[in-house]
Amino acid sequence: MRRLEGKVALITGAGRGIGRSIAETFAREGAITYALSRAAKEDFPAGINYRQLEVADENGWKKIVAEVISAHGKIDVLVNNAGIISYDGIEEMTLETWNHIVGVNQTGVWLGMREVMPHMKKVKQGSIINVSSIWGNAAVSGAHAYHATKGAVRNMSKAAAISHAADNVRINSLHPGFILTPLTEAQDPDVNAWVVSRTPLGRAGTGQEVANCALFLASDESSFMTGSELVVDGGYLAQ
Ligand code: NAP
(Lines give C-alpha, C1' and ligand atoms only; values in the text may rest on other atoms or scores of the structure.)
Protein backbone atom coordinates (compact mmCIF):
# COMPACT_ATOMS: atom_id res chain seq x y z
CA MET A 1 0.00 0.00 0.00
CA ARG A 2 1.43 3.36 -1.01
CA ARG A 3 1.60 5.96 1.75
CA LEU A 4 -0.84 8.51 0.24
CA GLU A 5 -3.06 6.12 -1.72
CA GLY A 6 -6.33 7.84 -2.65
CA LYS A 7 -5.56 11.13 -0.94
CA VAL A 8 -6.12 14.37 -2.85
CA ALA A 9 -3.19 16.75 -2.44
CA LEU A 10 -2.53 20.36 -3.51
CA ILE A 11 1.03 21.74 -3.52
CA THR A 12 1.76 25.39 -4.24
CA GLY A 13 4.98 26.66 -5.80
CA ALA A 14 5.37 23.23 -7.38
CA GLY A 15 6.76 24.34 -10.71
CA ARG A 16 10.33 23.64 -9.63
CA GLY A 17 12.56 23.19 -6.59
CA ILE A 18 11.21 21.78 -3.32
CA GLY A 19 7.56 22.01 -4.41
CA ARG A 20 8.20 19.96 -7.52
CA SER A 21 10.01 17.28 -5.48
CA ILE A 22 7.03 17.17 -3.12
CA ALA A 23 4.56 16.85 -6.00
CA GLU A 24 6.53 14.03 -7.65
CA THR A 25 6.91 12.21 -4.32
CA PHE A 26 3.22 12.51 -3.46
CA ALA A 27 2.21 11.23 -6.91
CA ARG A 28 4.58 8.23 -6.57
CA GLU A 29 2.97 7.48 -3.20
CA GLY A 30 -0.51 7.29 -4.71
CA ALA A 31 -1.91 10.80 -4.16
CA ILE A 32 -4.14 12.49 -6.72
CA THR A 33 -1.71 15.36 -7.02
CA TYR A 34 -2.32 18.95 -8.07
CA ALA A 35 0.93 20.84 -8.62
CA LEU A 36 0.13 24.56 -8.54
CA SER A 37 2.52 27.27 -9.60
CA ARG A 38 2.82 30.73 -11.06
CA ALA A 39 4.24 30.07 -14.52
CA ALA A 40 2.77 28.11 -17.43
CA LYS A 41 4.52 24.72 -17.71
CA GLU A 42 4.48 22.19 -20.54
CA ASP A 43 6.91 19.65 -19.15
CA PHE A 44 5.07 18.24 -16.17
CA PRO A 45 5.20 14.46 -15.70
CA ALA A 46 2.06 12.51 -16.62
CA GLY A 47 0.04 11.62 -13.55
CA ILE A 48 0.38 15.07 -11.98
CA ASN A 49 -2.25 17.72 -12.60
CA TYR A 50 -0.44 21.00 -13.19
CA ARG A 51 -2.42 24.22 -12.80
CA GLN A 52 -1.37 27.86 -12.72
CA LEU A 53 -1.99 29.54 -9.35
CA GLU A 54 -0.65 32.84 -8.08
CA VAL A 55 -0.96 32.21 -4.33
CA ALA A 56 -1.75 35.83 -3.43
CA ASP A 57 -4.77 35.76 -5.77
CA GLU A 58 -7.95 35.10 -3.79
CA ASN A 59 -10.01 34.29 -6.87
CA GLY A 60 -7.36 31.92 -8.17
CA TRP A 61 -7.66 29.92 -4.94
CA LYS A 62 -11.45 29.82 -5.18
CA LYS A 63 -11.24 28.56 -8.76
CA ILE A 64 -8.76 25.74 -8.10
CA VAL A 65 -10.47 24.56 -4.90
CA ALA A 66 -13.84 24.49 -6.71
CA GLU A 67 -12.30 22.49 -9.57
CA VAL A 68 -10.72 19.91 -7.25
CA ILE A 69 -13.85 19.54 -5.10
CA SER A 70 -16.00 19.14 -8.18
CA ALA A 71 -13.66 16.44 -9.56
CA HIS A 72 -12.88 14.51 -6.34
CA GLY A 73 -15.26 15.72 -3.62
CA LYS A 74 -12.47 16.30 -1.08
CA ILE A 75 -9.03 17.75 -0.35
CA ASP A 76 -6.92 15.73 2.09
CA VAL A 77 -3.60 17.56 1.95
CA LEU A 78 -2.48 21.13 1.27
CA VAL A 79 1.20 22.04 1.11
CA ASN A 80 1.68 25.81 1.17
CA ASN A 81 5.18 25.82 -0.32
CA ALA A 82 5.40 28.87 -2.65
CA GLY A 83 7.86 31.41 -1.33
CA ILE A 84 10.16 34.22 -2.45
CA ILE A 85 13.12 36.03 -0.92
CA SER A 86 14.67 39.49 -1.18
CA TYR A 87 17.99 40.64 0.23
CA ASP A 88 17.08 44.34 0.14
CA GLY A 89 18.06 45.92 3.46
CA ILE A 90 15.67 47.65 5.84
CA GLU A 91 16.62 51.07 4.47
CA GLU A 92 16.57 50.10 0.79
CA MET A 93 13.41 48.01 0.62
CA THR A 94 10.41 49.64 -1.03
CA LEU A 95 6.90 49.26 0.33
CA GLU A 96 6.00 47.53 -2.94
CA THR A 97 8.66 44.84 -2.42
CA TRP A 98 7.70 44.40 1.24
CA ASN A 99 4.01 43.97 0.33
CA HIS A 100 4.89 41.53 -2.44
CA ILE A 101 6.91 39.28 -0.12
CA VAL A 102 4.25 39.38 2.60
CA GLY A 103 1.58 38.76 -0.04
CA VAL A 104 3.21 35.60 -1.37
CA ASN A 105 4.87 34.13 1.74
CA GLN A 106 2.29 35.00 4.37
CA THR A 107 -1.05 36.03 2.86
CA GLY A 108 -0.77 33.21 0.31
CA VAL A 109 -0.45 30.65 3.13
CA TRP A 110 -3.45 32.06 4.98
CA LEU A 111 -5.59 32.17 1.80
CA GLY A 112 -4.78 28.53 1.06
CA MET A 113 -5.75 27.46 4.58
CA ARG A 114 -8.93 29.53 4.43
CA GLU A 115 -10.10 28.06 1.15
CA VAL A 116 -9.49 24.37 1.94
CA MET A 117 -10.62 24.49 5.59
CA PRO A 118 -14.39 24.15 5.07
CA HIS A 119 -13.82 21.02 2.97
CA MET A 120 -11.47 19.46 5.51
CA LYS A 121 -13.75 20.35 8.45
CA LYS A 122 -16.74 18.81 6.75
CA VAL A 123 -15.11 15.36 6.73
CA LYS A 124 -13.08 15.93 9.92
CA GLN A 125 -9.87 15.03 8.12
CA GLY A 126 -6.98 17.00 6.71
CA SER A 127 -3.28 17.75 6.84
CA ILE A 128 -1.91 21.20 6.04
CA ILE A 129 1.84 21.65 5.75
CA ASN A 130 3.12 25.21 5.72
CA VAL A 131 6.67 25.59 4.47
CA SER A 132 8.55 28.01 6.71
CA SER A 133 12.34 27.88 6.96
CA ILE A 134 15.15 27.81 9.50
CA TRP A 135 14.90 31.56 8.94
CA GLY A 136 11.48 31.36 10.63
CA ASN A 137 13.30 30.36 13.82
CA ALA A 138 16.68 32.09 13.63
CA ALA A 139 18.00 35.12 11.80
CA VAL A 140 20.95 36.20 9.70
CA SER A 141 21.74 39.63 8.39
CA GLY A 142 20.13 40.88 5.20
CA ALA A 143 16.71 39.29 4.56
CA HIS A 144 14.40 40.86 7.13
CA ALA A 145 11.18 40.60 5.10
CA TYR A 146 11.77 36.90 4.45
CA HIS A 147 12.46 36.33 8.17
CA ALA A 148 9.31 38.26 9.09
CA THR A 149 7.11 36.16 6.84
CA LYS A 150 8.68 32.79 7.70
CA GLY A 151 8.33 33.56 11.43
CA ALA A 152 4.71 34.48 10.77
CA VAL A 153 4.09 31.20 8.97
CA ARG A 154 5.59 29.30 11.90
CA ASN A 155 3.34 30.91 14.51
CA MET A 156 0.24 31.18 12.31
CA SER A 157 0.51 27.41 11.82
CA LYS A 158 0.45 26.85 15.57
CA ALA A 159 -2.59 29.12 16.03
CA ALA A 160 -4.39 27.41 13.14
CA ALA A 161 -3.50 23.98 14.56
CA ILE A 162 -5.01 24.82 17.95
CA SER A 163 -8.08 26.42 16.36
CA HIS A 164 -8.79 23.37 14.19
CA ALA A 165 -7.65 20.45 16.35
CA ALA A 166 -11.28 19.68 17.22
CA ASP A 167 -11.98 19.41 13.47
CA ASN A 168 -9.17 16.84 13.12
CA VAL A 169 -7.40 19.15 10.68
CA ARG A 170 -3.69 18.92 11.44
CA ILE A 171 -1.47 21.88 10.64
CA ASN A 172 2.31 21.68 10.93
CA SER A 173 5.14 23.84 9.68
CA LEU A 174 8.17 22.50 7.83
CA HIS A 175 11.54 24.19 8.25
CA PRO A 176 14.17 23.45 5.61
CA GLY A 177 17.75 24.53 6.04
CA PHE A 178 19.94 25.17 3.01
CA ILE A 179 18.51 23.19 0.07
CA LEU A 180 19.91 23.24 -3.45
CA THR A 181 17.10 24.59 -5.70
CA PRO A 182 16.76 27.26 -8.40
CA LEU A 183 16.11 29.76 -5.57
CA THR A 184 19.43 29.12 -3.83
CA GLU A 185 21.33 28.53 -7.09
CA ALA A 186 20.47 32.15 -8.02
CA GLN A 187 21.92 33.49 -4.75
CA ASP A 188 25.40 34.86 -4.12
CA PRO A 189 27.70 31.76 -3.96
CA ASP A 190 29.48 33.31 -0.96
CA VAL A 191 26.18 33.45 0.96
CA ASN A 192 25.49 29.80 0.05
CA ALA A 193 28.98 28.68 1.05
CA TRP A 194 28.62 30.54 4.35
CA VAL A 195 25.37 28.70 5.23
CA VAL A 196 26.80 25.31 4.22
CA SER A 197 29.93 25.96 6.30
CA ARG A 198 27.66 26.43 9.34
CA THR A 199 25.59 23.30 8.62
CA PRO A 200 26.84 20.47 10.86
CA LEU A 201 26.26 17.80 8.18
CA GLY A 202 28.52 19.92 5.96
CA ARG A 203 26.45 19.98 2.79
CA ALA A 204 23.30 21.35 1.17
CA GLY A 205 20.11 19.31 1.43
CA THR A 206 18.06 18.12 -1.55
CA GLY A 207 14.46 18.75 -2.51
CA GLN A 208 13.86 15.03 -2.06
CA GLU A 209 15.02 15.18 1.56
CA VAL A 210 12.44 17.91 2.25
CA ALA A 211 9.80 16.02 0.27
CA ASN A 212 10.36 12.95 2.48
CA CYS A 213 9.41 15.05 5.52
CA ALA A 214 6.37 16.52 3.76
CA LEU A 215 5.33 12.96 2.88
CA PHE A 216 5.43 11.95 6.54
CA LEU A 217 3.36 14.99 7.59
CA ALA A 218 0.85 14.39 4.78
CA SER A 219 0.41 10.72 5.62
CA ASP A 220 -1.53 9.12 8.46
CA GLU A 221 1.83 8.14 10.01
CA SER A 222 1.90 11.63 11.57
CA SER A 223 -1.69 11.40 12.89
CA PHE A 224 -0.76 12.64 16.40
CA MET A 225 1.22 15.64 15.12
CA THR A 226 -0.31 19.08 14.92
CA GLY A 227 1.08 22.53 15.73
CA SER A 228 4.60 21.14 15.49
CA GLU A 229 7.57 22.31 13.48
CA LEU A 230 9.56 19.71 11.57
CA VAL A 231 13.10 20.86 10.94
CA VAL A 232 15.13 19.41 8.04
CA ASP A 233 18.36 21.37 8.14
CA GLY A 234 21.44 19.15 8.53
CA GLY A 235 21.64 20.21 12.18
CA TYR A 236 21.79 23.98 11.64
CA LEU A 237 19.28 24.94 14.35
CA ALA A 238 20.67 22.52 16.89
CA GLN A 239 23.67 24.79 17.46
P1 NAP B 1 12.21 28.03 -5.94
O2 NAP B 1 13.21 27.10 -6.49
O3 NAP B 1 12.34 29.49 -6.21
O4 NAP B 1 10.75 27.55 -6.36
C5 NAP B 1 9.65 28.28 -5.89
C6 NAP B 1 8.42 27.92 -6.68
O7 NAP B 1 7.38 28.74 -6.17
C8 NAP B 1 8.54 28.21 -8.17
O9 NAP B 1 7.93 27.15 -8.88
C10 NAP B 1 7.76 29.51 -8.33
O11 NAP B 1 7.07 29.62 -9.54
C12 NAP B 1 6.73 29.37 -7.25
N13 NAP B 1 6.21 30.68 -6.87
C14 NAP B 1 6.90 31.79 -6.53
N15 NAP B 1 6.07 32.78 -6.27
C16 NAP B 1 4.83 32.30 -6.46
C17 NAP B 1 3.53 32.86 -6.35
N18 NAP B 1 3.35 34.15 -6.04
N19 NAP B 1 2.46 32.07 -6.60
C20 NAP B 1 2.63 30.81 -6.95
N21 NAP B 1 3.82 30.21 -7.09
C22 NAP B 1 4.90 30.96 -6.84
O23 NAP B 1 12.17 27.91 -4.32
P24 NAP B 1 12.51 26.67 -3.36
O25 NAP B 1 13.92 26.81 -2.93
O26 NAP B 1 12.02 25.41 -3.96
O27 NAP B 1 11.63 27.08 -2.09
C28 NAP B 1 10.34 26.53 -1.86
C29 NAP B 1 9.90 26.95 -0.47
O30 NAP B 1 10.84 26.49 0.49
C31 NAP B 1 9.81 28.46 -0.28
O32 NAP B 1 8.73 28.78 0.56
C33 NAP B 1 11.12 28.80 0.41
O34 NAP B 1 11.03 29.97 1.18
C35 NAP B 1 11.27 27.56 1.28
N36 NAP B 1 12.66 27.32 1.72
C37 NAP B 1 13.63 27.08 0.81
C38 NAP B 1 14.92 26.85 1.25
C39 NAP B 1 16.06 26.58 0.31
O40 NAP B 1 17.23 26.53 0.79
N41 NAP B 1 15.84 26.36 -0.97
C42 NAP B 1 15.19 26.86 2.63
C43 NAP B 1 14.16 27.11 3.51
C44 NAP B 1 12.88 27.33 3.05
P45 NAP B 1 7.78 29.95 -10.95
O46 NAP B 1 8.33 28.62 -11.39
O47 NAP B 1 6.69 30.45 -11.77
O48 NAP B 1 8.83 30.99 -10.63
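Check the entry above for the structure.
Predicted model only: the values in this text are computed from it and were never measured. (Residues numbered from 1 in each chain as written. Predicted model: local features only at pLDDT ≥ 70, side-chain atom pairs only at ≥ 80, totals over all residues. Heavy atoms only, no water.)

Caption draft 1: Layout of helix 1 (residues 17-28). Taking 1.5 Å of rise per residue, the 12 residues of helix 1 would be expected to cover 16 Å, and the 17 Å separating its terminal C-alpha atoms lies within 8% of that figure. Buried residues dominate helix 1, accounting for nine of its 12 residues. Within helix 1, the full set of buried residues consists of Ile18, Gly19, Arg20, Ser21, Ile22, Ala23, Thr25, Phe26 and Ala27. Looking at the buried residues of helix 1, the elements they touch are strand 1 (8-11), strand 2 (32-37), strand 3 (48-52), strand 4 (77-80), strand 6 (169-176) and helix 7 (207-218). (Helix = DSSP H or I, 4+ residues; strand = E, 2+ residues; numbered from the N terminus. Expected span 1.5 Å × (residues − 1). Buried < 20%, exposed > 50% of the residue type's maximum accessible area, 1.4 Å probe, protein only. Contact = heavy atoms within 4.5 Å.)

Caption draft 2: The arrangement of the site of the ligand in detail. By nearness alone, 30 residues border the ligand, and Arg16, Arg38, Asn81, Tyr146 and Thr181 come closest of all. One nitrogen or oxygen atom from the side chain of Arg16 is found 2.8 Å from an oxygen atom belonging to the ligand. The separation between an oxygen atom of the ligand and a polar side-chain atom of Lys150 is 2.9 Å. Considered on its own, the ligand offers 910 Å² of accessible surface; in the complex 96% of this is hidden by protein. Cavity membership is defined here by more than half of the atoms lying within 2 Å of grid points; on that basis the ligand lies in the largest pocket. Every element with two or more residues in the shell around the ligand is listed here: helix 1, helix 4 (144-163) and helix 5 (182-185). (Near = heavy atom within 4 Å. Polar contact = N/O pair within 3.5 Å; in protein donor to acceptor, adjacent residues only side chain to side chain. Areas by Shrake-Rupley, 256 points an atom, 1.4 Å probe, with all protein chains shown as cover. 1 Å grid on protein atoms, 1.4 Å probe; cavity = no way out; pocket = protein on both sides within 12 Å on 5 of 7 lines; lining within 4 Å. Sits in = over half its atoms within 2 Å of the grid points.)

Caption draft 3: Structural context of the pattern of salt bridges. Applying the stated criterion across every chain yields a total of 13 salt bridges. Here Asp220 ties to Lys7 by a salt bridge, and the two come within 3.0 Å at their closest N and O atoms. With a gap of 213 residues between them, Asp220 in the loop between helix 7 and strand 7 (229-232) and Lys7 in the segment before strand 1 connect regions that are remote in the sequence. What makes Lys7 buried here is its relative accessible area of 10%. Between Glu24 and Arg20 there is a salt bridge whose closest N-O contact spans 3.0 Å. With a gap of four residues between them, Glu24 and Arg20 both fall in helix 1, about one helical turn apart. What makes Arg20 buried here is its relative accessible area of 18%. (Salt bridge = Lys/Arg side-chain N within 4 Å of Asp/Glu carboxyl O.)

Caption draft 4: Structural context of the nonpolar core. Grouped together as the largest cluster of nonpolar side chains are 30 residues, with contacts concentrated most on Trp61, Ile64, Ile128 and Ile171. Of all the elements in the fold, those that place two or more residues in this core are strand 1, strand 2, helix 2 (58-72), helix 3 (95-123), helix 4 and strand 6. When residues in this core are grouped by element, the largest group, eight residues, is from helix 3. Leave out the neighbours within four places in its chain, and Ile128 touches Leu78, Asn80, Met113, Val116, Met117, Met120, Val169, Arg170, Ile171 and Asn172. (Core = buried A, V, L, I, M, F, W, Y, C linked by side-chain atoms within 4.5 Å.)

Caption draft 5: Seen up close, the packing of aromatic side chains. This model, assessed by the stated rule, comprises two aromatic pairs. Their ring planes at 35° and their centres at 4.7 Å tell us that Phe44 and Tyr50 sit as a pair that is tilted. Given the relative accessible area of 13%, Phe44 is considered buried. By relative accessible area, which is 13% here, Tyr50 ends up buried. Aromatic side chains Trp135 and Tyr236 sit 5.4 Å apart centroid to centroid with 90° between the ring planes, which places their arrangement in the edge-to-face category. Of this pair, Trp135 sits in the loop between strand 5 (126-131) and helix 4 while Tyr236 sits in the segment after strand 7, placing them 101 residues apart in sequence. Both residues of the pair, Trp135 and Tyr236, count as buried. (Phe/Tyr/Trp six-rings, centres within 6.5 Å; stacked < 30°, edge-to-face > 60°.)

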